[in-house]
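# Residue-level structure breakdown
Here's the letter readout for the chains.
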Amino acid sequence: MDCKIPVREAIPRDVDNTRTDVQWKAPDIGCYKANCSAVGGKDGYKTGIGVVIRNCKGEIMASCAQYIDGSFDGVVAGIMAVYRGVMFSLGYGLRPCIFESDKTNEMNHIVNGGHMLASYGHILEEIEVLNRNNPGTRFRSTSRVANHVALWLAKYGLESADNVFWMEDIPSGIKDLVEAERPV
């Protein structure tokens, strides 16, 4: 089954990521959705990344909370979170996949292939190479509310200072959040 959205979906530059009325939406049947987020530590020396991949029923297929020793600006951290999401979904064969983040500018860089000469251009290129043979892959921006599970996982990764992976599961602290988002 194919997803019904074009491979390269344009992201409007005027998306308001502070909206509170936009909830997580399940992908089409036969597709997965990976929500990705990154957060920097208060000390400025570490970054947490969170990824949650769900199916069309909103069921958790895989999730991870990762710790990176080093601080990155918001653009680089956001792009790295999506890159980790791509690697994670490929590693578990969860394709085709829609990748979402609440960072509109970063998602625009991925979709439009812009700033390849920037310090993070190699990450953009790697994302493109990894997805070259994966039809149905899409990248788009979403509201912060629709991405809050990934943000929680990023904070968890930052706090745990370790890399933690779950298959068909998620930390017990956010199970209620995930259940509340499941389609009826």
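Refer to the structure above for everything that follows.
Residues numbered from 1 in each chain as written. Predicted model: local features only at pLDDT ≥ 70, side-chain atom pairs only at ≥ 80, totals over all residues. Heavy atoms only, no water.

### What to know about the packing of aromatic side chains
So the rule is basically this: Centre distance within 6.5 Å is the pairing criterion for rings of Phe, Tyr and Trp, where only the six-membered ring of Trp is used; planes under 30 degrees apart are then read as stacked, over 60 as edge-to-face, and the remainder as tilted. Runs of H or I in DSSP of at least four residues are treated as helices and runs of E of at least two as strands, each being numbered from the N terminus. Buried, partly exposed and exposed residues are distinguished by accessible area as a fraction of the type maximum, computed with a 1.4 Å probe on protein chains only: under 20%, between the cut-offs, and over 50%, respectively. Criterion for a charge above a ring: Arg CZ or Lys NZ at most 6 Å from the ring centre, at most 35 degrees from the ring normal.
Enumeration according to the criterion identifies five aromatic pairs in this entry. Plain terms: the ring middles of Phe88 and Tyr92 are 5.1 Å apart, the flat faces sit at 90° to each other, and that makes the pair edge-to-face. Considering the side-chain rings of Phe99 and Phe139, the 5.2 Å spacing of their centres and the 20° angle between planes classify their relative orientation as stacked. With Phe99 in strand β4 (residues 97–101) and Phe139 in strand β5 (residues 138–141), this residue pair connects regions lying 40 residues apart in the sequence. As far as burial versus exposure is concerned, Phe99 and Phe139 are alike and both buried. Following the ring pairs from residue to residue traces out a cluster consisting of Phe88, Tyr92 and Phe165. The cationic tip of Lys33 hangs over the ring face of Trp24; the distance from NZ or CZ to the ring centre is 5.3 Å. Taking the ring centre of Trp24 as reference, the NZ or CZ of Arg54 above it sits at 4.0 Å.

### Observations regarding the sheet that holds strand β3 (residues 60–69)
Put simply, the test is: For two strands to be treated as a pair, DSSP must find at least two bridges joining them. The axes are straight lines fitted to the C-alpha atoms, using for helices just the contacting stretch, and the angles between their N-to-C directions are given from 0 to 180°.
Sheet architecture is open: six strands sit in the order β5-β4-β1-β2-β3-β6, paired in mixed fashion. On the outer flanks of this sheet lie β5 and β6 (164–167), each paired with one strand and no other. Ignoring strand direction, the axes of neighbouring strands in this sheet form an average angle of 15°. Sheet topology places strand β1 (residues 32–40) next to strand β2 (residues 46–54); eight bridges connect them, and they run antiparallel.

### Quick word on the pairing of β3
Of all 10 residues in β3, eight are buried; the element is thus mostly enclosed. Note: β2 against β3, nine bridges, orientation antiparallel. By the bridge assignment for β3, Gly48 is matched with Tyr67. Counting the residues that bridge the hairpin from β2 to β3 gives five residues, and of these Gly58 lies at a positive phi of roughly 80°.

### Here we look at the nonpolar core
In plain terms, the rule: Throughout, nonpolar core names a set of buried Ala, Val, Leu, Ile, Met, Phe, Trp, Tyr and Cys residues whose side chains join them through atoms within 4.5 Å. Whether two residues are in contact is decided by their heavy atoms, any of which lying within 4.5 Å being enough.
Counting residues in hydrophobic clusters, the biggest one holds 30 residues, and the most contacted among them are Val51, Val82, Phe99, Ile127 and Phe139. Among all residues touching Val51, those that are not within four sequence positions of it are Ala34, Asn35, Cys36, Ala62, Ser63, Cys64, Ala81, Arg84, Gly85, Phe88 and Leu153. The next biggest cluster of nonpolar side chains, apart from the first, holds nine residues, and it includes Val149, Leu153, Ile174 and Val178.

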